[in-house]
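Examining the three-dimensional arrangement
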Amino acid sequence: MPALDQNHGEVFTRRWVVDVLLDLVGYDADRDLGELRLVEPSCGTGAFLRPAVERLIRSAQNADRDLRSLDGAIRAYDLQPGNVRAARLVCRDLLAAAGASAPVAAGLARSWVRRADFLLDDDDDREADFAVGNPPYIRYDDLSNEVAVKYRTAWQTMRGRGDIYVGFFERCLSILKADGKVGFICADRWMRNQYGAALRELVSREYSVEQVWTMHGVDAFEEKVSAYPAITVIANKAQGPVVVADMEDSFSENSAKSLVKWSTRGRSAAFSGPGVKAHRLPHWFGGSDLWPTGTPARLALVEHLNDRYYPLHDPENTGTRVSIGVATGADKVYITKDGSAVESDRILPMAMSGDLMSGNFEWQGNYLINPWSEDGSLVELEDYPQMSEYFSRHPQLRTRHVAKKAPARWYRTIDKVHADLLARPKLLLQDMKSAIHPVYEPGGFYPHHNLYYIVSDIWDLEVLGGLLLSRVSQAFIEAYCVRMRGGTLRFQAQYLKKIRVPRPSSLDRMISAELKSAFRSRDTEAATRAAAKVYEIDLEEYELLSAGKN
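Residues numbered from 1 in each chain as written. Predicted model: local features only at pLDDT ≥ 70, side-chain atom pairs only at ≥ 80, totals over all residues. Heavy atoms only, no water.

1. Comments concerning the overall build of the chain
Each helix and strand in the chain was counted, giving 17 helices and 22 strands. Seen through its principal axes, the chain has C-alpha atoms that stretch 95 × 55 × 35 Å. Looking at the chain as a whole, 56% of its 550 residues are labelled buried. Put simply, 74% of the contacts in the chain that link residues at least 6 apart link residues at least 24 apart. In the chain, 69 side chains carry a positive charge and 74 a negative one; their mean positions are 1 Å apart. (Helix = DSSP H or I, 4+ residues; strand = E, 2+ residues; numbered from the N terminus. Buried < 20%, exposed > 50% of the residue type's maximum accessible area, 1.4 Å probe, protein only. Contact = heavy atoms within 4.5 Å. Lys, Arg positive; Asp, Glu negative; His and termini not counted. Charge placed at Lys NZ, Arg CZ, Asp CG, Glu CD.)

Laid out in structure tokens, this is it:
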């Protein structure tokens, strides 16, 4: 049996959090729990087992069920011998207090709690109605090579440089009966990091996300940890409505009880209580792509717009493309302010981040030395002696990775230069800003790789710019990208493509004029009000009013 060396990844959960999870998955003493099966994949000393066994015993008493019949009702796992002994003792004492004889109590405790690695144990293939717990937090890098290989072989979602709790999700989901539920309190990084992509795809394809409670500031564990915890409940059934909740530090046991009641019995779309806001969404977000984050109202907005409008990058429906400017691999060589450095047809005016600072495109005089012909092939240096001589003065070009891969093409830029892009009008956006900042470039400039550009066959780009300037578009970026220090956002193509827009033909002329005017005057407030009309949304409902109006 493999061991996890010195790092056991144990973080013990507070009792009220355990009760919340048991309530959310439906492990209720009013049901005949003796007919059902609960799995605890990493039981520790019994933080989840104690409340679960207490409910199981009450259920048996309510149903007048003999305690000896509960042999298959619970199965808990742990690798550490001390934890197994402590968990069995908890179970034995609870059973004895309920009237079980010493042999029955000891036998059930041994049956319920086993020393085994949940991710590798294949001696018990029975399905479960519930899987609950707080899986261990252990980075793959902290595993021995032998254990890491075995885990990755057994569980296909364990990819990249992630954490083994991903495998605990996958195995628990794999053993669920129809309508069975997994309820974990666990780090939520898998929802938003690359290493969680396979798990997100699996959940989206085969299961239903029912609850996502973000609890980053909540005192949910017995010790202070920096684990970005969330309560997540996933069911083995078709996707249905999902409750999203966001907790502040003041969220407490009493607030949790009210939220559980609303989550499981309420019908209203929104909930607010001490330290918490929640929203009931019609469904969850699909696919392996990053799942959005934000307040419940903002997630409701993203889902609402995702369901009704088109991605910003959608050549078929909106005639619009989002991409990044050219990466040269040696900006100090390929970018110059000397417009006569090489032959005139080998030099292009270049748009750079400094040209966008005022909100209007104001060219700072940078040029791109372009070794590409219009058909996409590299030009021959002997045809351009001035450019050849210029490149020869920069031997560092030959030491680049791209040059070593193809020595005969040593003078190429990393990306090709697409001749048709130069003349096209564009919306340009800097990679890193605190707020979305689209700038109109009327054509004639080639974008640098620290700029993202938007071109369209059918949009008036200044009208589209008004939509992008609004806090509606900002909300999409905030939902999908990770903020950097100081609140800076990354306006990368993968996030810009998430923004939803209508077909331009559906816009009212007056609203189009409002958007264009707001864009030209850089008026975010006016752009947001006009965007609200386009999307037919209430700004207050979705928390899009300015700070002074909230």
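2. Digging into the sheet that holds strand β19 (residues 446-447)
Spatially, the four strands line up as an open sheet ordered β13-β15-β14-β19, and their pairing is mixed. Each edge of the open sheet carries a strand with a single partner, namely β13 (335-336) and β19. (Pairing = 2+ DSSP bridges.)

3. Here we look at the sheet that holds strand β8 (residues 242-247)
Note: strands within a sheet are paired through backbone hydrogen bonds, in either parallel or antiparallel orientation. Strand order in this open sheet of ten strands is β3-β2-β1-β4-β5-β7-β6-β8-β10-β9, and the pairing throughout is mixed. Because the sheet does not close on itself, it has two edges, and the strands there are β3 (113-115) and β9 (270-273). Each neighbouring strand pair of the sheet contributes to a mean axis angle of 15 degrees, computed without reference to strand direction. Bridging between strand β6 (residues 208-214) and β8 involves four bridges; their strand directions are parallel. Note on β8: the bridge partner recorded for Trp213 is Ala245. On the sheet, helix α2 (residues 49-62) packs against β1 (38-40), β2 (74-78) and β3 and is oriented at approximately 170 degrees with respect to β2. In the packing of helix α6 (residues 165-174) onto the sheet, contacts are made with β2, β4 (128-133), β5 (176-187) and β7 (229-235), and the angle to β5 comes to roughly 165 degrees. (Axes fitted to C-alpha atoms, helices over the stretch in contact; angles between N-to-C directions.)

4. With respect to the confidence of the model for the chain
Per-residue pLDDT for the chain averages 92, and the proportion of residues at 70 or more is 95%. In the predicted structure, residues 1-9 sits below a pLDDT of 50 and forms 26 contacts with residues beyond four places in sequence or in another chain. (pLDDT = per-residue confidence, 0-100.)

5. Regarding the packing of aromatic side chains
In the structure shown here, the tally under the stated rule is 20 aromatic pairs. Consider the rings of Trp284 and Trp291, whose centres lie 5.6 Å apart with planes at 85 degrees: the pair is edge-to-face. An aromatic cluster is present here, built from Phe169, Phe184, Trp190, Trp284, Phe285 and Trp291 joined pairwise through their rings. Positioned over the ring face of Tyr384 is Arg346, at 5.1 Å from the centre of the ring. The ring of Trp410 has Arg398 sitting right over it, with the charged end atom 3.9 Å from the ring centre. (Phe/Tyr/Trp six-rings, centres within 6.5 Å; stacked < 30°, edge-to-face > 60°. Lys NZ or Arg CZ within 6 Å of the ring centre and 35° of its normal.)

6. Looking at the nonpolar core
As a rule of thumb, nonpolar side chains are buried together in soluble globular proteins. In terms of nonpolar packing, the biggest core is built from 92 residues, with Trp190 and Tyr535 touching the most fellow members. Apart from the residues within four sequence positions on either side, Tyr535 is in contact with His304, Leu305, Tyr309, Leu467, Val472, Arg500, Val501 and Pro502. Leu49, Ala60, Val132 and Trp262 belong to the second largest nonpolar core, which has 57 residues in total. (Core = buried A, V, L, I, M, F, W, Y, C linked by side-chain atoms within 4.5 Å.)

7. Side note on helix α3 (residues 81-97)
The terminal C-alpha atoms of α3, which comprises 17 residues, lie 24 Å apart, in line with the 24 Å expected from a rise of 1.5 Å per residue. Among the residues of α3, those classed as buried are Asn83, Val84, Ala87, Val90, Cys91, Leu94 and Leu95. One side of α3 holds all its buried residues, which, seen down the axis, span an arc of 125 degrees. Turned more than 90 degrees off the buried face of α3, the exposed positions are Arg85 and Ala97. Elements in contact with the buried residues of α3: α2, β2, α4 (102-112) and β3. Positioned one or two residues after α3, Gly99 has a phi angle of 110 degrees, which is positive. (Expected span 1.5 Å × (residues − 1). Arc of directions from axis to C-beta.)

8. Digging into the pairing of strand β16 (residues 426-430)
Counting buried residues in β16 gives five out of five residues, a clear majority hidden from the surface. Here β16 shows a buried face lined by Lys426, Leu428 and Gln430 and a second buried face lined by Leu427 and Leu429. Alignment of β16 against strand β20 (residues 451-456), held across four bridges, turns out to be antiparallel. Paired with Gln430 across the two strands is Leu451, which belongs to β20.

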